[in-house]
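Geometric and topological summary
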Amino acid sequence: MIYLYIISVVVAIFVGFILRLPFKIDIDSFEGNVFFPTIVISLGLMAILEYFGATGYIYPILTGVVGGVVSKYINRLFPGVDYGN
Amino acid sequence: MEINISILELFKILTAFVVCWINFVVVDTIFGLPKKPGVYGAEVIGKKIEKVGGNINGGYFMGNIVCSPDASAGTLFASIFYYVLGFKGVLIGALLIYIGNRLCNDPGYAGTIGTITAGILIYVFSDVLHLISPKYFIVGMVIAILTIQGLYPQLSSKLLGHIAKKLRVL
Amino acid sequence: MDTISLIILIIGIFVSFRVISTRSRSLKLLYVCCLNFVIASLIVLYVKSPMGAIVAIVYFVFGTLSSNAIANTIGNLKKMER
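These notes cover the structure that comes with them.

Rules used in this analysis
- Residues numbered from 1 in each chain as written.
- Chains lettered and ligands numbered in written order.
- Predicted model: local features only at pLDDT ≥ 70, side-chain atom pairs only at ≥ 80, totals over all residues.
- Contact = placed C-beta atoms within 7 Å.
- Helix = DSSP H or I, 4+ residues; strand = E, 2+ residues; numbered from the N terminus.
- Nonpolar A, V, L, I, M, F, W, Y, C, P; charged D, E, K, R; others polar.
- Expected span 1.5 Å × (residues − 1).
- Buried ≥ 20, exposed ≤ 12 C-beta atoms within 10 Å, placed from the backbone.
- Axes fitted to C-alpha atoms, helices over the stretch in contact; angles between N-to-C directions.
- Left-handed = near helix turned anticlockwise from the far one by under 90°.

So, about the interface of chain C and chain B. Listed by partner, the interface residues are 37 residues for chain C and 38 residues for chain B. Element by element, the count of residues in the side of chain C that touches chain B is highest for helix α3 (residues 50-81) of chain C, at 14 residues. When its residues are assigned to classes, the side of chain C that touches chain B shows 26 nonpolar, ten polar and one charged.

Have a look at this one:
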């Protein structure tokens, strides 16, 4: 059902705007962007939930919120190591 | 044990090999893998390849492939998850490759975008045109990584350096 | 046996000979990375279900993490030997 994924992406980007994630894409930085890990995490979690048979409307909203919040704090969950160390 | 190989199957494997090779080399070059090593281990491998007669930028590329899941691993797992679960599997694979990239100290752009572009290519070839099924993309990717890393590292590093200059990344 | 598994198996045997016969520690890591690809695909082609795919990706990510650590240690050893 493709509507689940569309709702999930829209909610994730909306939560990204609210949490004030940066907008410009920098390919060398470890911080989250408003687009990059939010869409990947929210679509991945939605695909896992759909495999287990979830078709309600609460699940895309939940997934979008989790995607936005994890993307804000991604540098504390998986910290990078300084080069040469 | 009976083995039936037909010319059509060999042709499908060859086409899948070319598609996988182009996908992972182009995506990795665009995201700057030949420009600088991501971790210290990639620099060690790059300097060793330059010492035995290769190109330093190709060496950094191959060192980055060894030390972190990049678009080559992304293409392989896009075909594996597409074979098992369809296009939804590619989305799950992209999430797991992103977690793997973070564990190996990499920002994560090359692996994830490589997975999604490979998923779109496999969708076009297998569900829209009905030509090549996802099994052949798994073999194609294994043969592609063999030609880059397993046969002659000196020659392939020179080829990767040349492609990086052509795409104006260096 | 399936044609595709047979091709991947022959590639695996060839690459494992190259791992054994190379002298340099750093170049062995390139061939070990190829072997990780081969084993991950063979796991999925044997167990044709989602659990096989999960096992393959977990094996591959931890294999790559180990190769990263080994390459870092080889660099530190060379710095100490000098």
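And the narrative resumes.
For α3 of chain C, with 32 residues, the first-to-last C-alpha span of 47 Å sits near the 46 Å given by 1.5 Å per residue. Within α3 of chain C the residues assigned to the buried category are A53, A56, I57, F60, V61, T64, S67, N68, A71, N72, I74 and G75 of chain C. Buried-residue contacts for α3 of chain C involve α2 (40-51), α3 (56-67), α4 (71-85) and α5 (87-103) of chain B together with α2 (25-46) of chain C.

If you look at the interface, chain A gives 18 residues, while chain B gives 15 residues. For the side of chain A that touches chain B, the residue count by class is twelve nonpolar, four polar and two charged.

So, about the environment of I92 of chain B. Mapped onto the secondary structure, I92 of chain B falls in helix α5. In sequence terms I92 of chain B and F81 of chain B are eleven residues apart; their C-alpha atoms lie 8.0 Å from each other. Among residues more than four places away in sequence, those in contact with I92 of chain B are G44, A47 and I48 of chain A together with F81 of chain B.

Residue and element names in this part refer to chain A. In the contact formed by helix α2 (residues 36-51) and helix α3 (residues 58-72), the axes pass within 8 Å of each other and the chain directions differ by 145°. Crossing angle aside, the handedness with which α2 passes α3 is right-handed. Residues P37, T38, I41, S42, L45, M46 and L49 of α2 pack against Y59, P60, T63, G64, V66, G67, G68, V70 and S71 of α3. Of the residues belonging to the contact of α2 with α3, the class tally is nine nonpolar, seven polar and no charged.

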